[in-house]
Protein chains: 2
Amino acid sequence: MNEIKIFSPATVANVACGFDVLGFCLDSVGDDMVVRKVEKKGIHITRIEGFDLPYEAELNVAGVSALAMYEAIDVDFGFEIEIYKNIKPGSGIGSSAASAVGSVFGMNELIGRPFNKTQLTAFAIKGEALASKCEHADNLAPALFGGFTLVKSVKPLKILEIPSPEDIYATIIHPQIEIKTSESRAILPKEVALTDAISQWANVGSLVHALHTSDYELIKDSLHDVIVEPHRSQLIPHFNEVKTAVLNTGALGCGISGSGPSIFTLNKGLETANKVKEAMESIYSKTDIDFDIHVSPINTEGVKIK
Amino acid sequence: MNEIKIFSPATVANVACGFDVLGFCLDSVGDDMVVRKVEKKGIHITRIEGFDLPYEAELNVAGVSALAMYEAIDVDFGFEIEIYKNIKPGSGIGSSAASAVGSVFGMNELIGRPFNKTQLTAFAIKGEALASKCEHADNLAPALFGGFTLVKSVKPLKILEIPSPEDIYATIIHPQIEIKTSESRAILPKEVALTDAISQWANVGSLVHALHTSDYELIKDSLHDVIVEPHRSQLIPHFNEVKTAVLNTGALGCGISGSGPSIFTLNKGLETANKVKEAMESIYSKTDIDFDIHVSPINTEGVKIK
């Protein structure tokens with residue numbers, strides 16, 4: 001096998017209560033990529049469609065993660081990478097993670113899978129760092145492992161796979177506004193009240209338990225973020241209005257996807273997920289903000305061969 | 001049935017990472033109690049052995065929780081309560097919780113179990129509040145439900161039962177020093193660094209996952225407290241020395257039991273738990289501090305009829 005086509009999925013990080021540690025993987029949104037073994041040594045990005053991104057490997061997220069892996073293997077050939085980008089950069093649903101994951105997953109398949117998924121995450125984290133200026137894995141882990149993941153720690157890298165209840169669907173709206181990463185970071189408090197922190201870790205423990213036991217009511221009861229959302233939601237127009245509407249429509253929970261501006265919901269059943277989509281549409285269609293909405297089951301497989 | 005004998009167990013709250021929310025139940029330490037239906041209406045504490053505690057129901061933890069339940073039922077008789085206290089008040093292993101739980105559990109059995117365990121916790125919390133000046137359930141929940149519990153919230157009261165791996169044993173040392181509750185509280189920070197809070201909720205999520213999957217290595221990796229222990233451990237002589245020794249002996253983790261001064265460990269297998277006991281003994285026997293040590297499996301049943 002000298003060439004492989006890949007689907008590298010979008011992901012939702014944080015999942016309300018689990019800031020910086022939890023994430024889950026989407027099925028209906030993602031990038032397509034082709035990775036190809038070629039004679040010419042090194043990493044060569046030969047095609048990018050969808051968005052205007054750099055072709056120089058060391059300036060491209062997919063290139064940087066590929067280079068990190070390439071340096072760890074000893075081969076007398078190189079790799080070409082084609083990227084067909086469907087996830088908009090800056091949308092908050094793991095666009096850079098999808099790129100970072102796709103190249104290393106594809107290369108690993110082509111050379112007989114010498115690396116496990118945690119090792120692939122370690123390479124991909126180098127690419128992610130190019131985009132976000134710091135090493136974090138909360139989008140990478142669900143993109144690689146699928147399902148719900150908990151990044152227990154980054155140093156050392158330890159990723160846990162949390163079970164996904166069968167009947168969970170995500171609805172995500174991407175309002176096409178730009179939130180500067182610097183602003184999104186600066187708005188976070190450096191210190192938080194101990195009482196708020198306690199509520200948050202009660203919710204994280206409770207959500208993990210609820211996912212293990214497929215307890216939808218408890219999932220609903222756990223999807224609260226008292227730490228980050230009160231700050232970052234200010235950067236997203238109509239956030240509170242959307243949240244109120246989707247919860248009234250029956251969503252289990254609603255929060256900011258990653259650092260925004262996308263807003264995610266989790267829902268029991270496709271029917272509710274579709275109703276939530278309508279509720280979101282009815283709010284944003286009254287504004288002058290363009291938006292995309294995705295409805296997706298949880299992708300329990302993660303990045304895969306197409 | 002007019003009289004019932006009860007074993008009301010000691011418990012460990014916080015469990016390192018889960019300050020204010022996690023707890024587990026012990027098997028080899030606990031109070032004995034007798035609850036008896038009598039003609040004379042009201043709650044009557046007729047015998048207390050072991051420690052010097054008030055007989056007036058409204059001044060006694062077991063009495064206050066009994067009164068809270070008594071007010072919620074409509075009966076033309078009363079209850080006598082005898083308390084044979086083995087858990088020293090102030091030891092940090094749920095002495096007041098055992099008393100609060102024993103009386104309401106016993107009364108509930110005698111009147112045909114009209115209340116579920118969460119409802120019993122709500123009565124017991126009134127007794128616990130007499131001892132600790134605030135309503136918390138992190139010792140009550142494991143005493144009533146057994147095993148590991150997560151108090152998701154107090155208002156409304158929501159308690160989750162987390163599975164207990166089979167081969168887990170606790171070793172607990174109670175150094176007989178007095179820590180004033182006021183001091184133990186005052187030493188806690190009101191605010192914590194967001195980065196520390198993130199580590200803590202990663203550990204809570206990870207511990208819940210590890211208990212569900214009986215992953216002993218992950219339990220070990222999750223039993224860290226970066227928020228409370230650095231402060232409260234200063235109040236416990238030789239804490240760091242004990243912690244280092246028991247971890248070197250093979251304990252999965254070590255932390256402060258409740259607000260101290262007891263120090264708990266969790267261990268895989270009885271043999272390690274016993275070795276840990278020796279390691280603790282060898283440190284405290286060189287001091288002039290009296291101490292008790294308990295080795296116990298996890299009590300998955302909680303408070304029970306003897």
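Remember, predicted model here, so these are calculated numbers, not experimental data.

1. Some remarks on the interface of chain B and chain A
Line of reasoning, step 1. Between chain B and chain A, the contact holds 35 residues from the first and 35 residues from the second.
Line of reasoning, step 2. Buried surface at the junction of chain B and chain A, summed over both partners, amounts to about 2800 Å²; 70% is from carbon and sulfur atoms.
Line of reasoning, step 3. Area buried by chain B at its contact with chain A is led by K152, L194 and W201 of chain B, which between them contribute 26% of it.
Line of reasoning, step 4. Linking chain B with chain A are two salt bridges.

2. A few points about the relation of the copies chain B and chain A
Line of reasoning, step 1. When chain B is fitted to chain A, the residual RMSD is 0.0 Å, and the transformation amounts to a turn of 180 degrees plus an axial shift of 0.0 Å. Classification of the inter-copy transformation places it as that of a two-fold axis.
Line of reasoning, step 2. Of all interface residues in chain B, 100% are interface residues in chain A too; the two copies therefore contact each other through one and the same surface.

3. Some points on the sheet that holds strand β10 (residues 263-268) of chain A
All names here are of chain A.
Line of reasoning, step 1. Overall, antiparallel pairing links the four strands, which are arranged β9-β10-β7-β11 in an open sheet. The two strands at the open ends of the sheet, each matched to only one other strand, are β9 (253-256) and β11 (291-297). Here the average twist between neighbouring strands, direction ignored, is 15 degrees.
Line of reasoning, step 2. Bridging between strand β7 (residues 168-175) and β11 involves seven bridges; their strand directions are antiparallel. In the strand pairing of β11, P175 is matched with F291.
Line of reasoning, step 3. Lying over the sheet, helix α9 (residues 239-249) contacts β9 and β10, oriented at roughly 160 degrees with respect to β9.

4. Let's talk about helix α3 (residues 117-132) of chain B
All names here are of chain B.
Line of reasoning, step 1. Along its 16 residues, α3 runs 21 Å from first to last C-alpha, staying within 8% of the 22 Å computed at 1.5 Å per residue.
Line of reasoning, step 2. Maximum bend of α3: about 30 degrees, positioned at A124.
Line of reasoning, step 3. Listed as buried for α3 are L120, T121, F123, A124, I125, G127, E128, A129 and S132.
Line of reasoning, step 4. Looking at the buried residues of α3, the elements they touch are α1 (61-72), α2 (95-110), α4 (140-145), β6 (158-162) and α5 (181-186).
Line of reasoning, step 5. Taking the backbone nitrogen of T118 as reference, a side-chain oxygen 3.1 Å away marks N116 as the first, capping residue of α3.
Line of reasoning, step 6. One or two residues past the end of α3 sits K133, with phi positive at roughly 65 degrees.

5. Some words on the packing of α2 of chain B against α3 of chain B
All names here are of chain B.
Line of reasoning, step 1. The N-to-C vectors of α2 and α3 enclose an angle of 145 degrees; their axes lie 8 Å apart at closest approach. By crossing handedness, the relation of α2 to α3 is classed as right-handed. When α2 is examined against α3, the residues S96, A97, A100, V101, V104, F105 and N108 are found in contact with a partner set consisting of L120, F123, A124, G127, E128 and A131.
Line of reasoning, step 2. Along the lines of polarity and charge, the residues of the contact of α2 with α3 split into nine nonpolar, three polar and one charged.

6. Remarks on the side chain of S95 of chain B
All names here are of chain B.
Line of reasoning, step 1. Note that S95 resides in helix α2.
Line of reasoning, step 2. S95 sits in the buried class, given a relative accessible area of 7%.
Line of reasoning, step 3. Within the structure, S95 has its side chain in polar contact with the backbone oxygen of I87 (distance 3.0 Å).
Line of reasoning, step 4. Setting aside chain neighbours within four positions, we find S95 in contact with D31, K85, I87, K88 and P89.

7. Quick notes on the environment of G258 of chain A
Residue and element names in this part refer to chain A.
Line of reasoning, step 1. Inspection of the secondary structure puts G258 in the loop between β9 and β10.
Line of reasoning, step 2. Separated by 84 residues in the primary sequence, G258 and H174 place their C-alpha atoms 12 Å from one another.
Line of reasoning, step 3. Residue contacts for G258: discarding those within four places in its chain leaves A13, N14, G92 and R232.

8. Quick look at the packing of aromatic side chains
Line of reasoning, step 1. A complete count under the given rule lists 12 aromatic pairs over all chains for this structure.
Line of reasoning, step 2. Between F115 of chain B and F123 of chain B, the aromatic rings sit 4.9 Å apart at their centres with planes inclined by 80 degrees, giving edge-to-face as the arrangement.
Line of reasoning, step 3. The structure contains a cluster of three or more aromatic residues connected by ring pairs, namely F24, F148 and F264 of chain A.
Line of reasoning, step 4. Taking the ring centre of F77 of chain A as reference, the NZ or CZ of K37 of chain A above it sits at 4.8 Å.
Line of reasoning, step 5. Lying over the aromatic face of Y216 of chain A, K268 of chain A brings its terminal NZ or CZ to 4.8 Å of the ring centre.

9. Focus: a negative patch on the surface
Line of reasoning, step 1. Taken together, the side chains of E191 and D196 of chain A together with E191 and D196 of chain B present a region of like negative charge at the surface.
Line of reasoning, step 2. Its place among the elements puts D196 of chain B in helix α6 (residues 194-213).
Line of reasoning, step 3. The class for D196 of chain B is partly exposed, based on a relative accessible area of 31%.

10. Side note on the UniProt feature "domain: GHMP kinase C-terminal" (unreviewed entry) in chain A
Line of reasoning, step 1. Those residues carrying the UniProt feature "domain: GHMP kinase C-terminal" (unreviewed entry) are residues 208-284 of chain A in this numbering.
Line of reasoning, step 2. Secondary structure over residues 208-284 of chain A splits into 56% helix and 13% strand, and the C-alpha atoms at its two ends are 32 Å apart.

11. Things to note about the pattern of salt bridges
Line of reasoning, step 1. As enumerated under the stated definition, the model contains 32 salt bridges over all chains in all.
Line of reasoning, step 2. Residue K304 of chain B is joined to D27 of chain B by a salt bridge in which the shortest nitrogen-to-oxygen separation is 3.8 Å. Taken together, the positions of K304 of chain B in strand β12 (residues 304-305) and D27 of chain B in strand β2 (residues 22-38) put the pair 277 residues apart, joining distant regions of the chain.
Line of reasoning, step 3. Given the relative accessible area of 29%, D27 of chain B is considered partly exposed.
Line of reasoning, step 4. In this structure, the salt-bridge partner of K306 of chain B is D32 of chain B, at a minimum N-O distance of 3.2 Å. In this pair, K306 of chain B is assigned in the segment after β12 and D32 of chain B in strand β2, connecting sequence segments 274 residues apart.
Line of reasoning, step 5. Each of E3, R36, E80 and E82 of chain A takes part in one network of salt bridges that share partners.

Rules and cut-offs
Residues numbered from 1 in each chain as written. Chains lettered and ligands numbered in written order. Predicted model: local features only at pLDDT ≥ 70, side-chain atom pairs only at ≥ 80, totals over all residues. Heavy atoms only, no water. Contact = heavy atoms within 4.5 Å. Buried area = accessible area lost by both parts, 1.4 Å probe. Salt bridge = Lys/Arg side-chain N within 4 Å of Asp/Glu carboxyl O. Least-squares fit on C-alpha atoms with pLDDT ≥ 70 in both. Pairing = 2+ DSSP bridges. Helix = DSSP H or I, 4+ residues; strand = E, 2+ residues; numbered from the N terminus. Axes fitted to C-alpha atoms, helices over the stretch in contact; angles between N-to-C directions. Expected span 1.5 Å × (residues − 1). Bend = angle between axes of the 7 residues up to and from the residue. Buried < 20%, exposed > 50% of the residue type's maximum accessible area, 1.4 Å probe, protein only. Polar contact = N/O pair within 3.5 Å; in protein donor to acceptor, adjacent residues only side chain to side chain. Left-handed = near helix turned anticlockwise from the far one by under 90°. Nonpolar A, V, L, I, M, F, W, Y, C, P; charged D, E, K, R; others polar. Phe/Tyr/Trp six-rings, centres within 6.5 Å; stacked < 30°, edge-to-face > 60°. Lys NZ or Arg CZ within 6 Å of the ring centre and 35° of its normal. Patch = residues over 30% accessible without salt bridge, like charges linked within 9 Å, V, L, I, M, F, W, Y side chains within 5 Å. Areas by Shrake-Rupley, 256 points an atom, 1.4 Å probe, with all protein chains shown as cover. Lys, Arg positive; Asp, Glu negative; His and termini not counted. Charge placed at Lys NZ, Arg CZ, Asp CG, Glu CD. UniProt positions renumbered as here; feature names shortened; annotations may be inferred.

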